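A closer look at the structure
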Amino acid sequence: MSASDLRQALLAGLRELGLSLSDAQVDQLLAYQDLIAKWNKVYNLTAVRDPREMLTHHLLDSLAAVAPLLRHTGGRPARLLDVGSGGGLPGVVIAIACPQIEVDCVDTVLKKTTFIQQAAASLKLPNLRGIHARVESLEAGEGAGYDVVCSRAFASLADFTTWSRAALKPGAVWMAMKGRHPAEELAALPPAVSVFHVEQLAVPGLDAHRCIVWMRPA
């Protein structure tokens, strides 16, 4: 698939998602996909190798969460933690699409957070940072917690919320990106977690179930 075809497919996907990004942001998204492909040869960041599949399964899949996130934050500046970020999905994509959101991507695998730092430098994203740590070790501290703590295909909802709870600011929420409606995981959540919305997502070009589970401390 040519670079021009990829760009057209990305633009079509953005239109379908109702997202209006600048040419520079579209360039950054495509450059990020190129970076993943390049580092993948050595670091094995993703099992997906085909550029067209990368576009739908990674970029557009992550972009599908942007409009719901902006509705939640009201477009205001916010701090977001992407837990178990891997190669930066959805964290890097959110950092590109939402320059007003400060994005920290935490992962226990050093080569993955090194890649995030490299992406931040290459793509000139001052609002993006990779953190090599266990999420349990991150605490809100002196007002430095996160407004949104998100994950994509990371762990069960119960583990995700338990491990990342200390990173939440007062009034913050969890945003868990999942495949089909995770009824069993929802049933297993502790009483300390309140689910306030399960939002269905449609990912352009992807014939698969996707949803966001929105939660907050009860």
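Since the model is a prediction, treat every value here as computed from it, not as a measurement.

Reading the values: the criteria
- Residues numbered from 1 in each chain as written.
- Predicted model: local features only at pLDDT ≥ 70, side-chain atom pairs only at ≥ 80, totals over all residues.
- Heavy atoms only, no water.
- Helix = DSSP H or I, 4+ residues; strand = E, 2+ residues; numbered from the N terminus.
- Buried < 20%, exposed > 50% of the residue type's maximum accessible area, 1.4 Å probe, protein only.
- Polar contact = N/O pair within 3.5 Å; in protein donor to acceptor, adjacent residues only side chain to side chain.
- Contact = heavy atoms within 4.5 Å.
- Salt bridge = Lys/Arg side-chain N within 4 Å of Asp/Glu carboxyl O.
- 1 Å grid on protein atoms, 1.4 Å probe; cavity = no way out; pocket = protein on both sides within 12 Å on 5 of 7 lines; lining within 4 Å.
- Points joined across faces, edges and corners; volume = space filled by probe spheres on them.
- Nonpolar A, V, L, I, M, F, W, Y, C, P; charged D, E, K, R; others polar.

Re the side chain of N127
- Secondary-structure assignment places N127 in the loop between α6 (110-122) and β3 (128-132).
- Accessibility expressed as a relative area gives 10% for N127, which makes it buried.
- There is a polar contact of 3.5 Å between the side chain of N127 and the backbone oxygen of C98.
- When residues no more than four places from it in sequence are discounted, the contact partners of N127 are A95, C98, P99, I101, E102 and V103.

Some words on the pattern of salt bridges
- Going through the model one piece at a time under the given rule, you end up with ten salt bridges.
- Between R71 and E199 there is a salt bridge; the shortest N-O distance is 2.6 Å. Of this pair, R71 sits in helix α4 (residues 66-73) while E199 sits in strand β6 (residues 193-201), and the two are 128 residues apart along the sequence.
- E199 gets classed as buried once you look at its relative accessible area, which sits at 13%.
- Here K178 and E185 are joined by a salt bridge, their closest N and O atoms 2.9 Å apart.
- Assessed through its relative accessible area of 13%, K178 is described here as buried.

Some remarks on the layout of surface pockets
- By volume, the largest pocket amounts to about 220 Å³.
- Lining the largest pocket we find 13 residues, and of these L6, Q33, D34, A37 and P51 sit closest to its centre.
- With six residues, helix α2 (residues 23-43) is the largest single contributor of residues to the lining of the largest pocket.
- In terms of residue class, the lining of the largest pocket is made up of seven nonpolar, three polar and three charged.
- Looking at the second largest pocket, its volume works out to about 150 Å³.
- If you go around the second largest pocket, the residues you meet are V83, G84, V106, D107, T108, A133, R134, V135, E136, F154 and W163.
- Across the lining of the second largest pocket, the residue classes tally to six nonpolar, two polar and three charged.

Regarding the environment of T113
- Residue placement: T113 occurs in helix α6.
- Taking the C-alpha atoms as reference, T113 lies 7.7 Å from G87; in sequence the two are 26 residues apart.
- Every residue in contact with T113, bar those within four places of it in the chain, is listed here: C105, D107, G130, I131 and H132.

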